[in-house]
Amino acid sequence: MHTGRMTWRRLRVIIQGLPPESRTMTALRNAMPEEDLDEQAEQGKPEEGRWSQLEQLVAASCDRLARIEYVLICANTEKKSQRPDRPEPMRRPGAAPRRKKSALSDAGAQRLFELINGGAA
């Protein structure tokens with residue numbers, strides 16, 4: 001770059017042509033702001049993502065296998081307290097990890113009770 005042999009455009013083309021599993025592409029994905037991740041997750045098309053179709057299919061297979069294992073364990077566990085947590089899906093490019101649901105607070109439960117019993121009027 002500094003010697004004038006390569007233009008900024010050429011550098012961009014080289015970076016965009018890197019394989020999705022390269023360290024550079026992984027670093028670019030990991031550096032994306034959360035707003036961009038949310039937008040890409042909502043509007044993204046897996047076939048146009050930074051993962052190949054094969055990588056998408058492998059991730060989907062792993063997710064389904066983990067789900068089958070979870071269901072099998074739950075079906076053979078008598079006590080609900082001994083059941084494992086639901087499996088997290090494999091993280092994909094452009095999709096933020098699933099957020100855990102917050103527990104309902106006492107104030108929130110009271111407000112919900114009021115709304116159900118006509119407190120919204």
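So, how was this worked out
Residues numbered from 1 in each chain as written. Predicted model: local features only at pLDDT ≥ 70, side-chain atom pairs only at ≥ 80, totals over all residues. Heavy atoms only, no water. Helix = DSSP H or I, 4+ residues; strand = E, 2+ residues; numbered from the N terminus. Buried < 20%, exposed > 50% of the residue type's maximum accessible area, 1.4 Å probe, protein only. Contact = heavy atoms within 4.5 Å. Areas by Shrake-Rupley, 256 points an atom, 1.4 Å probe, with all protein chains shown as cover. Salt bridge = Lys/Arg side-chain N within 4 Å of Asp/Glu carboxyl O. Patch = residues over 30% accessible without salt bridge, like charges linked within 9 Å, V, L, I, M, F, W, Y side chains within 5 Å. pLDDT = per-residue confidence, 0-100.

## A few points about the overall build of the chain
Secondary structure summary: the chain contains five helices and zero strands in total. For the chain, with 121 residues in total, the buried portion stands at 11%. A separation threshold of at least 6 residues defines the contact pool for the chain, and within that pool the share at least 24 residues apart is 46%. Total accessible area on the chain is roughly 10500 Å²; 55% of this is exposed by carbon and sulfur atoms.

## A closer look at the pattern of salt bridges
According to the stated counting rule, one finds one salt bridge in the structure shown. Here arginine 111 makes a salt bridge to glutamate 114, at a shortest N to O gap of 3.8 Å. Pair noted here: arginine 111 and glutamate 114 are both in helix H5 (residues 106–116), with a separation of three residues, about one helical turn. Arginine 111 sits in the partly exposed class, given a relative accessible area of 43%.

## Notes on a nonpolar patch on the surface
On the surface, Leu104, Leu112 and Ile116 cluster together into a nonpolar patch covering about 330 Å² of accessible area. When you line up the elements, leucine 104 lands in the loop between helix H4 (53–75) and H5. The class for leucine 104 is exposed, based on a relative accessible area of 59%.

## Quick look at the environment of leucine 65
Examined against the element boundaries, leucine 65 turns out to sit in helix H4. C-alpha separation for the pair leucine 65 and proline 87, spaced 22 residues apart in sequence, amounts to 9.9 Å.

## Digging into the environment of proline 87
Tracing the chain through its elements places proline 87 in the loop between H4 and H5. Residue class for proline 87 comes out partly exposed when judged on its relative accessible area of 26%. Each C-alpha atom, one on proline 87 and one on glutamate 69, is 9.1 Å from the other, the two residues being 18 residues apart in sequence.

## Points about the confidence of the model for the chain
Mean pLDDT over the chain works out to 80, with 78% of the residues at or above the 70 mark. Here helix H3 (residues 34–43) stands out as the element of the chain with the lowest mean pLDDT, 70, in contrast to H4, whose mean of 91 is the highest.

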